[in-house]
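If you want the building blocks of each chain, they are given just below.
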Amino acid sequence: MKLLALIKKEFYRFFHDPKLIVTILLPGIIIFLIYNVIGAFMNETEPVNYDYKVCVAGTSATSGAFTALVGEAVKESDSKVEFTVSTAEEGKAAVEKGEADACLVFSENFGEAAGGSVEIYYDGARDASSSFYGIASAVLQASAMRFAVVGHNFETTENLGKTVFAGLLPFLVAIFIFSACMSVTLESVAGEKERGTLATILATSAKRHEIALGKILPLSCISALGAASSFLGVALSLPKLVGTGFGVLGGYAFGHYALLFLLILSIVPLIVSAIACVSTLSRSVKEASAYTSVIMILVMVVSILSIFLSSLGNWYVAVPVLNAVISMGKVLGGELAIWQSLVSVGANLLYTALLVFLISKMFSSERIMFGK
Amino acid sequence: MDDIFQDEIVRAEGLKKVFTLSRKQQKIEKTGLTRKVAVDGLSFSAYRGEIYGLLGPNGAGKTTTLRMLSTLIKPDGGDAYILGHSILKEPAMVRDCVGFLTSELKLEAFFTPDYLFDFFGAMHGVDKDTLASRKKELFSRFGIDRFAQVKVGDLSTGMKQKVSLVISIVHDPDVLIFDEPTNGLDVLTAKVVTDFLAELKGMGKSIILSTHIFSLVEKLCDRVGVIIDGKMAQEGSLQALCGEKSLEERFFEIYHSLKGEIV
């Protein structure tokens, strides 16, 4: 009953204050608008008409129908395409040499009920090759049939679409989550401590862990709302910004989205608890903001490092925040990293529980709560 | 001893509190000492249906004593019992039978008196029906019903104090600990508060009141403890303590005998 009253109070405080709602939801809307505007300027170039040369290997009646579909899509973009039947090796060599823009390799069972796959070899460094890959992958992914589309990029750096999502988005998500958590937690914990209203709650018979949970649970929900707003703002505007189109988003299955959701869900209470810990230790919101900035820098560094550390061992699943960021990167890169993601979620929840325990101990400490 | 004083509700036994002084605090206190004994072996008792006054100058240890009794801070020595519950061993039980009013405990400016009364009622585990009837009774008694839906931040000092008072007794505690309850109030609100304290006493509540206002002690308190430098300098009923003198005269006599000239 006491925990419920504490939770309801935090929600009441948030949902009855339009300023707080705006603070938490506005970043997502602003990000969406800004990225779209920037994307519109960046991609505002004259349409280029290409004359694609594409090798096709492993042809069959079904694959023929698909190449025809790709051909139509190319025509719609006022370009031309010339398909040449070849072996997979010849086709790949031609792409590497720059003699062909792409090579489509259909598996033997392509078009059968079991699925099958089509591999697209292209060179992301060349505009024509990259452009054809974009059209072909979008057409093939839009197909109702079940088969896998695998892109092979000969470019030394990874292709832009999923790479941006896999590399940049987890970093941005971590930062947005942090910002959302910071704005609500600082005010609710450090603010209440500074104003002396937390002491009034401590003077009641509510247990300290109830008071700690009564802060962390609702603040996590509110922060998750803010993080979701920012995440949607980025996810919906990034394709426009990098000019890949929404085909990239369609490339993820339900499992990918479920794992992403779980990872975000695990990182929010962890960051809220960490900021609440610092806020409880601080004497004022100003002091808490200064300490929180240090944590934010740590989170940023960890998130940036995650781009370079992803090829290392699985030890990262034990490192808070880093585990979620790397797992998100893997998931957004197309890998269904189930066990890494689930262990990361578990580890983050464990750290959250430890922090909640620590906060309840701090609430019992008169030096921390009432020290001058 | 009168019958009314037979029930010992509050018993403090050698309460001691030592604070570590920061450099900044050392400067303010103009001392080189790193530790300050705020309360030094304080013992006293308060009985059912009496108002016990803690009288002393600023920094004497009154507020620290009350904070210990309300379990906000722990004593470094000694213990105190509220209705038999130790403040050291059963702080949650103590909080449920104590109502604490002090300027240190603030109410969130965003909320209305109506919301806060319900919230703190829930925090003390008061059931909804009891809470509703207490709210009706207390809000009407203090005229809070006129501004029950106004945010605390928009209320005057007197209104805020009334709301704080009402919320401190939301759970109908047997023991009331009031730290300077009339400080900063206009005469009208101060009278409402003092009248209510007398009313609570009549209801059999035990009240521990800290103040440095002599007239308030003379008007309300059955017994008085004079605290100087964290120690109990004198204690007793007003009659026993003052005899034919006024409380003010007697207080300065005690102070002078212990501290010398007043500077």
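Here the structure is a predicted model, which is why all the values come from computation and not from measurement. All residue numbers here refer to positions counted from 1 along the written sequence of the relevant chain. Following the order in which they are written, the chains are lettered starting with A and the ligands numbered starting with 1. The model is predicted, so local features are restricted to residues of pLDDT at least 70 and side-chain atom pairs to those at 80 or more, both for listing and for counting; the totals for chains, interfaces and linings are taken over all residues. The side-chain figures draw on all heavy atoms in the structure; neither hydrogens nor water molecules are used.

A. Fine view of the overall build of chain A. Note on conventions: DSSP H or I runs of at least 4 residues are helices, E runs of at least 2 residues are strands, and numbering of each starts at the N terminus. The number of helices and strands found in chain A is 14 helices and five strands. Throughout this description, buried means an accessible area under 20% of the type-specific maximum (1.4 Å probe, protein chains only), exposed means over 50%, and partly exposed covers the range between. Taken over 372 residues, chain A has a buried fraction of 50%. Note on definitions: a residue-residue contact is assigned when non-hydrogen atoms from the two residues lie within 4.5 Å. For chain A, the share of sequence-separated contacts (at least 6 apart) that also reach a separation of at least 24 residues comes to 77%. In the form shown here, chain A has an accessible surface area of approximately 17200 Å², with 67% of it arising from carbon and sulfur atoms. Here the open area of atoms and residues is found with the Shrake-Rupley method and a 1.4 Å probe, where only the protein chains shown may cover a residue.

B. How the structure looks around empty space enclosed by the protein. The rule is simple: put a 1 Å grid over the protein atoms alone, call a set of points where a 1.4 Å probe fits but cannot get out a cavity, call an open set with protein on both sides within 12 Å along at least five of seven lines a pocket, and count a residue as lining if it has an atom within 4 Å of a point. Grid points are joined across faces, edges and corners, and a volume is the space filled by probe spheres set on the points. Scanning all chains against the criterion turns up three cavities of 30 Å³ or more. Taken as a whole, the largest cavity spans an internal volume of roughly 200 Å³. As for the largest cavity, its lining consists of 18 residues, and the residues nearest its centre are Thr200(A), Phe100(B), Leu105(B), Ile167(B) and Ser168(B). Those elements that provide at least two residues to the lining of the largest cavity are strand S6 (98–101) and helix H6 (157–168) of chain B. In terms of residue count, S6(B) provides more of the lining of the largest cavity than any other element does, four residues in total. When residue character is reported, Ala, Val, Leu, Ile, Met, Phe, Trp, Tyr, Cys and Pro are called nonpolar, Asp, Glu, Lys and Arg charged, and the others, Gly included, polar. Across the lining of the largest cavity, the residue classes tally to eight nonpolar, nine polar and one charged. Reported here for the second largest cavity is a volume of approximately 140 Å³.

C. Region of the structure containing the state of the cysteines. Here, the term disulfide refers to a pair of cysteine sulfur atoms separated by no more than 2.5 Å. All chains considered together, the criterion is met by zero disulfides over all chains. In this structure Cys221(A) is not part of a disulfide, and its nearest cysteine sulfur, from Cys181(A), lies 11 Å away.

D. Examining the environment of Lys219(B) more closely. All names here are of chain B. As for its position among the elements, Lys 219 is in helix H8 (residues 214–220). On the basis of relative accessible area, Lys 219 is assigned to the exposed category, the value being 54%. Separated by 21 residues in sequence, Lys 219 and Ala 198 have C-alpha atoms that sit 9.3 Å apart. If near-sequence neighbours (up to four positions away) are discounted, Lys 219 is found in contact with Thr 194 and Asp 195.

E. Representation of helix H3 (residues 61–76) of chain A in the model. Residue and element names in this part refer to chain A. Multiplying 1.5 Å by the residue count of a helix minus one yields the expected span of that helix. In this model H3 runs 23 Å from its N-terminal to its C-terminal C-alpha over 16 residues, within 8% of the 22 Å that 1.5 Å per residue would give. Residues of H3 that are buried: Ser 63, Phe 66, Thr 67, Val 70, Gly 71, Ala 73 and Val 74. Axial view of H3: buried residues confined to an arc of 160°, hence all on one face. Away from the buried face of H3 by more than 90 degrees, exposed residues Ala 61, Lys 75 and Glu 76 are located. Once H3 ends, the next one or two residues include Asp 78, with phi positive near 60°. This arc is built from the directions going out from the helix axis to the C-beta atoms.

F. Seen up close, the interface of chain B and chain A. Residue-level contacts link 25 residues of chain B with 27 residues of chain A. By convention, the term buried area covers the 1.4 Å-probe accessible surface removed from two parts as they join, with the contributions of both added. Counting each side, the surface lost to burial between chain B and chain A is near 2500 Å², with a carbon and sulfur contribution of 63%. Looking at the side of chain B facing chain A, the largest losses of area belong to Glu108(B), Phe110(B) and Met123(B), adding up to 26% of the total buried there. A carboxyl oxygen of Asp or Glu within 4 Å of a side-chain nitrogen of Lys or Arg is what we treat as a salt bridge. For the pair chain B and chain A, the interface holds two salt bridges. Put simply, Glu108(B) and Arg195(A) hold a salt bridge, and the shortest N to O gap is 2.8 Å. Polar contact criterion, stated in full: a pair of N or O atoms within 3.5 Å, where within protein one must be able to donate a hydrogen and the other to accept it, and residues adjacent in sequence count only if both atoms are side-chain atoms. Here chain B and chain A share seven residue pairs in polar contact (both at pLDDT 80 or more) between them. When contributions to the side of chain B that touches chain A are tallied by element, the ones reaching two or more residues are strand S1 (8–20), helix H3 (91–96) and helix H4 (113–123) of chain B. Of the residues assigned to the side of chain B that touches chain A, the class counts are 14 nonpolar, three polar and eight charged.

G. Fine view of the nonpolar core. Core analysis: the biggest nonpolar cluster contains 151 residues, and Ile177(A), Leu15(B), Leu69(B), Ile82(B), Phe178(B) and Ile208(B) have the highest contact counts within it. The element that contributes the greatest number of residues to this core is helix H6 (residues 160–195) of chain A, accounting for 15 residues. What Phe178(B) contacts, discounting residues up to four positions off in sequence, is Leu66(B), Gly99(B), Leu101(B), Leu165(B), Ser168(B), Leu197(B), Leu200(B), Ile207(B), Ile208(B), Leu209(B) and Ser210(B). The nonpolar core is taken to be a set of buried Ala, Val, Leu, Ile, Met, Phe, Trp, Tyr and Cys residues, with the residues joined through side-chain atoms within 4.5 Å.

H. Focus on the sheet that holds strand S2 (residues 35–47) of chain B. All names here are of chain B. Spatial ordering of the open sheet is given by S2-S1-S4-S5, a layout of four strands whose pairing is antiparallel. Strands with a single pairing partner mark the edges of an open sheet, and in this sheet they are S2 and strand S5 (85–86). Pairing between two strands is assigned when DSSP locates at least 2 bridges connecting them. For strand S4 (residues 77–82) and S5, the ladder comprises two bridges, and the chain directions are antiparallel. By the bridge assignment, Tyr 81 is partnered in S5 with Ser 86. Inter-axis angles, ranging from 0 to 180 degrees, are taken between N-to-C directions of lines fitted to C-alpha atoms, where helices are fitted over the stretch in contact. In the packing of helix H2 (residues 62–69) onto the sheet, contacts are made with S1, S2 and S4, and the angle to S1 comes to roughly 120°.

I. Expanded view of the pairing of strand S10 (residues 231–237) of chain B. Both strand S9 (residues 223–228) of chain B and S10(B) contribute to a ladder of six bridges, which runs antiparallel. Bridged to Ile227(B) within S10(B) is Met232(B).

J. Spotlight on the packing of helix H10 (residues 254–281) of chain A against helix H12 (residues 322–332) of chain A. All names here are of chain A. The N-to-C vectors of H10 and H12 enclose an angle of 165°; their axes lie 10 Å apart at closest approach. Between H10 and H12, the crossing angle belongs to the class labelled roughly antiparallel. In this structure, H10 meets H12 at a crossing whose hand is left-handed. For the pair H10 and H12, the contacting residues are His 256, Leu 259, Leu 260, Leu 263, Ile 264 and Ile 267 in the first and Ala 324, Ser 327, Met 328, Val 331 and Leu 332 in the second. Taken together, the residues that form the contact of H10 with H12 break down as nine nonpolar, two polar and no charged. Just so you know how the angles are binned, under 35 degrees is roughly parallel, over 145 roughly antiparallel, 65 to 115 roughly perpendicular, and the rest oblique. The hand of a helix crossing depends on one turn: near helix anticlockwise from the far one by less than a right angle means left-handed, and clockwise means right-handed.

K. Quick peek at the confidence of the model for chain B. Residues and elements named next belong to chain B. Every residue gets a pLDDT, meaning the predictor's confidence in that residue, from 0 to 100. Averaged over every residue, the pLDDT of chain B is 88; the share at 70 or more is 97%. Predicted confidence is poor over residues 1–5, with pLDDT under 50, and the contacts of this stretch with residues over four places away or in other chains come to nine contacts. Across the assembled chains, the prediction reports ipTM 0.87 with pTM 0.75.

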